[in-house]
Amino acid sequence: MEFHPGPIDGVIWKPLKKFHDARGWLCELFRHDDIPDEFHPVMAYISATEPGVARGPHEHVEQADFFCFLGPSNFKVYLWDNRRKSKTYRARQTEIVGADKPMALIIPAGVAHAYKNVGKEAGVVFNCPNRLYKGPGRKEAVDEIRHEEDPRSPFHLD
């Protein structure tokens, strides 16, 4: 299974702007009137990732992720369009985002993804997906297809 470089249809990249003043800074992460309804968040979580560590690759069947990369480190984001009906099926895209390039990133269901901290300090990532983890009351199966441990996986980080 081969992937080719190129942008992926349906992935939304939104540069984030930090507003600085004497107190520090503020960054607006999302607004309901600024994103399509199908991606409106229903929960949020924050994670820290140590330098050199990757999370993923994995993909979701129904869930879309809404990641915000603000720093204090930089991350290399990996995307693979694994949606058979997509006009960019089998496209692969990578970008560096985070402290040097603050970015919100909406990844639709079926797009496999991973990110790796390529900086020298722990980095924080905020995610506000459009589905509840394990469904209402945490009573459903996790909507995740994990590829990290599969030696035959076509999703490779460099």
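The structure this text deals with has already been given above.
Residues numbered from 1 in each chain as written. Predicted model: local features only at pLDDT ≥ 70, side-chain atom pairs only at ≥ 80, totals over all residues. Heavy atoms only, no water.

Colleague: I'd like to hear about the sheet that holds strand E10 (residues 103-107), residue by residue, with values.
Modeller: An order of E2-E10-E7-E12-E5 is seen for the five strands of this open sheet, with the pairing classed as antiparallel. Looking at strand neighbours, the two that pair on one side only are strand E2 (12-15) and strand E5 (45-49), the edges of this open sheet. Put simply, the sheet's adjacent strands are angled 20 degrees from each other on average, direction ignored. Relative to E10, E2 runs antiparallel, the two being bridged by four bridges. Bridge assignment links Pro15 to a residue of E10, and that residue is Met103. (Pairing = 2+ DSSP bridges. Helix = DSSP H or I, 4+ residues; strand = E, 2+ residues; numbered from the N terminus. Axes fitted to C-alpha atoms, helices over the stretch in contact; angles between N-to-C directions.)

Colleague: Tell me what's going on with the pattern of salt bridges, and back it up with residues and numbers.
Modeller: If you walk through the whole model with that rule in mind, you get 10 salt bridges. Among the salt bridges present, the one from Arg146 reaches Glu144, with a minimum N-O distance of 2.5 Å. Classification of Arg146 as partly exposed rests on a relative accessible area of 47%. What you see here is one network of salt bridges that share partners, running through Glu144, Arg146 and Glu148. (Salt bridge = Lys/Arg side-chain N within 4 Å of Asp/Glu carboxyl O. Buried < 20%, exposed > 50% of the residue type's maximum accessible area, 1.4 Å probe, protein only.)

Colleague: Run through the sheet that holds strand E1 (residues 4-5), naming residues and quoting values.
Modeller: Read from one edge to the other, the open sheet built from six strands follows the order E1-E9-E8-E11-E6-E13, with strand pairing classed as mixed. Bordering the open sheet on either side are E1 and strand E13 (145-146), each of which pairs with just one other strand. Here strand E8 (residues 74-81) runs beside strand E11 (residues 111-117); their pairing, made up of seven bridges, is antiparallel. By the bridge assignment for E11, Trp80 is matched with Ala112.

Colleague: Provide a residue-level description of unusual backbone geometry, including the pertinent values.
Modeller: Residues Gly56 and Pro57 are joined by a peptide bond in cis, for which omega reads 10 degrees. Examined against the element boundaries, Pro57 turns out to sit in strand E6 (residues 54-59). Here the residue pair Gly71 and Pro72 is connected by a cis peptide bond, since its omega of 10 degrees sits within 30 degrees of zero. Its location among the elements puts Pro72 in the loop between strand E7 (65-71) and E8. One non-glycine residue, Arg138, lies in the positive phi region at around 55 degrees. One can find Arg138 in the loop between strand E12 (123-127) and E13.

Colleague: Explain the environment of Glu28 to me, using residue names and the numbers behind them.
Modeller: Looking at where Glu28 falls in the secondary structure, it is placed in the loop between strand E4 (24-27) and E5. Separated by 59 residues in the primary sequence, Glu28 and Lys87 have C-alpha atoms spaced 31 Å apart. Excluding residues within four positions of it along the chain, Glu28 makes contact with Leu16 and Lys17. (Contact = heavy atoms within 4.5 Å.)

Colleague: Help me get a handle on the nonpolar core, residues and values and all.
Modeller: Core analysis: the largest hydrophobic core is formed by 15 residues, its most contacted members being Phe69, Val77, Leu79 and Tyr115. Contributions of two or more residues to this core are made by E7, E8, strand E9 (91-98), E10 and E11. Setting aside its immediate chain neighbours within four residues, Leu79 contacts Ile8, Val11, Trp13, Ala91, Arg92, Gln93, Ile107, Val111, Ala112 and His113. In terms of nonpolar packing, the next biggest core, distinct from the first, is built from 11 residues, Cys27, Ile35, Ala64 and Phe66 among them. (Core = buried A, V, L, I, M, F, W, Y, C linked by side-chain atoms within 4.5 Å.)

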